[in-house]
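Tertiary structure, described
Chain by chain, the residues run as shown.
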Amino acid sequence: MSSAVLKRLQEVFGAAIVETHSQWGDDTAVVETARWLPIATFLRDDAACAFEMLSDLTAVDYPDREPRFEVVIHLLSLSKGHRIRIKTRVGDAEGDGAIVDTLCGVWLAANWAEREAFDMFGINFRAHPDLRRILMYPEFVGFPLRKDYPADRAQPLVPYRTAEEAGLTIDKVAPFGPLEGMSFARNDWTKPEL
Amino acid sequence: MNAPVKSVTLDGNQTGFATTRLEAVLGWARKYSLFKYPFVTACCGMEFMSLASPRFDHSRFGAEAPRFSPRQSDLLWVIGTISQRQAPVLKRIYEQMMEPKWVLGFGTCASSGGFYDNYTTVPGIDKIIPCDVYIPGCPPRPEAVLDGLMLLQDKIARGDRTPAIVKPRFDPVQGYQSDLVQLRTRRTDGSPEGGAK
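**A short note on the sheet that holds strand S2 (residues 75–79) of chain B**
All names here are of chain B. Read across the open sheet, the four strands follow the order S1-S2-S3-S4; overall the sheet is parallel. Each of the sheet's edge strands pairs with one partner strand only, and the pair in question is strand S1 (36–40) and strand S4 (133–135). The sheet shows a mean angle of 15 degrees between the axes of neighbouring strands, taken without regard to direction. Inspection of the sheet shows S2 paired to strand S3 (residues 102–106) by five bridges, in the parallel sense.

Have a look at this one:
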């Protein structure tokens, strides 16, 4: 299928592509964390790749490995009809130092997905415009989808508070602020994030 | 509570009056005019829709009028899983309701957290607010919900405002055994096992 894309990636980025494999039509490339952003930009802009859509961005915790986390993106090219999966490995055994460049400037869809990966795994995205917890509440301690988080540990209930008390401006209140959400809304998406 | 009722039928141009207690009249009126606030968060909501639709039709019990403002409602249906993040909102909704108010826990998740034992789920709404009737089931059958609704109506008619506690089926103090438990008897003469006792 799109092994051509893997080949092209290896031609252009060479040693930055740590490993690749392709099985049953699914192509995966593990890349260096330092080249995460240029590779993503290349995959979107290159005429032969043309991955216009970020299907998903998430992370996986492998507690026995070092680096411990894999950040995974799934890309889809609407014009070419092919897909690819790109991974990078970050974080030491304690989960510290898990820092990746944000892809918000490449695909707007990365914004909430990166917030979820931050919320659940504690992965930091460098230069993310609004890196807050998205599913859990701000008082939550720890990162629940890490394998070392006890499966049955609940945390104390938090009191009710208004948006002002939580330190949120009104356009940051979930779910739909002006810049959070859907590209088909009447927003000017050419302007940089506030 | 249950004083013997003497009923007399009046006919022709006879006139008469009846006496009762104010609380009994109020309880009778309240139990047939429940204004519900459906706090639907999960899949039990589907079962709630079937409950509200004509086949099961909880409007027969005077409980069909929904009010999507807690200030106008007196029965809070908590339908579905309550997450830790949502808990303060549910508490605030309850606090905004007018007295007298009742709470009905619809389904296992609202009653006890269900099979969720993790970082995100509240293990039962009674950790946050008092609950009058728990309806078990995942989701409960509409008949079970109607049974729970009738239990609540009985409770309202009694004027009982204590939060519900889950009672064991066999209460050693009362010597009471619920007939919901079906005990099978084993025959000693070799005939097939007996049915429910």
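After that view of the structure, there is still more to cover.
**Remarks on the interface of chain B and chain A**
Facing 13 residues of chain B, the contacting portion of chain A comprises 19 residues. When the area that chain B buries against chain A is broken down by residue, the three leading residues are Gln84(B), Arg85(B) and Tyr119(B), summing to 57%. Its residues assigned to classes, the side of chain B that touches chain A shows six nonpolar, three polar and four charged.

**Let's talk about the packing of helix H1 (residues 22–31) of chain B against helix H5 (residues 142–158) of chain B**
All names here are of chain B. The contact between H1 and H5 brings their axes to 7 Å, and the two run at 155 degrees. As the angle between them shows, H1 and H5 are arranged roughly antiparallel. Our pair here, H1 against H5, has a crossing hand that is right-handed. Counting all contacts with H1, which are made through Gly27, Arg30 and Lys31, the residues of H5 involved are Gln153, Ile156 and Ala157. Partitioning the contact of H1 with H5 into residue classes produces two nonpolar, two polar and two charged.

Calculation criteria
Residues numbered from 1 in each chain as written. Chains lettered and ligands numbered in written order. Predicted model: local features only at pLDDT ≥ 70, side-chain atom pairs only at ≥ 80, totals over all residues. Heavy atoms only, no water. Pairing = 2+ DSSP bridges. Helix = DSSP H or I, 4+ residues; strand = E, 2+ residues; numbered from the N terminus. Axes fitted to C-alpha atoms, helices over the stretch in contact; angles between N-to-C directions. Contact = heavy atoms within 4.5 Å. Buried area = accessible area lost by both parts, 1.4 Å probe. Nonpolar A, V, L, I, M, F, W, Y, C, P; charged D, E, K, R; others polar. Parallel < 35°, antiparallel > 145°, perpendicular 65-115°, else oblique. Left-handed = near helix turned anticlockwise from the far one by under 90°.

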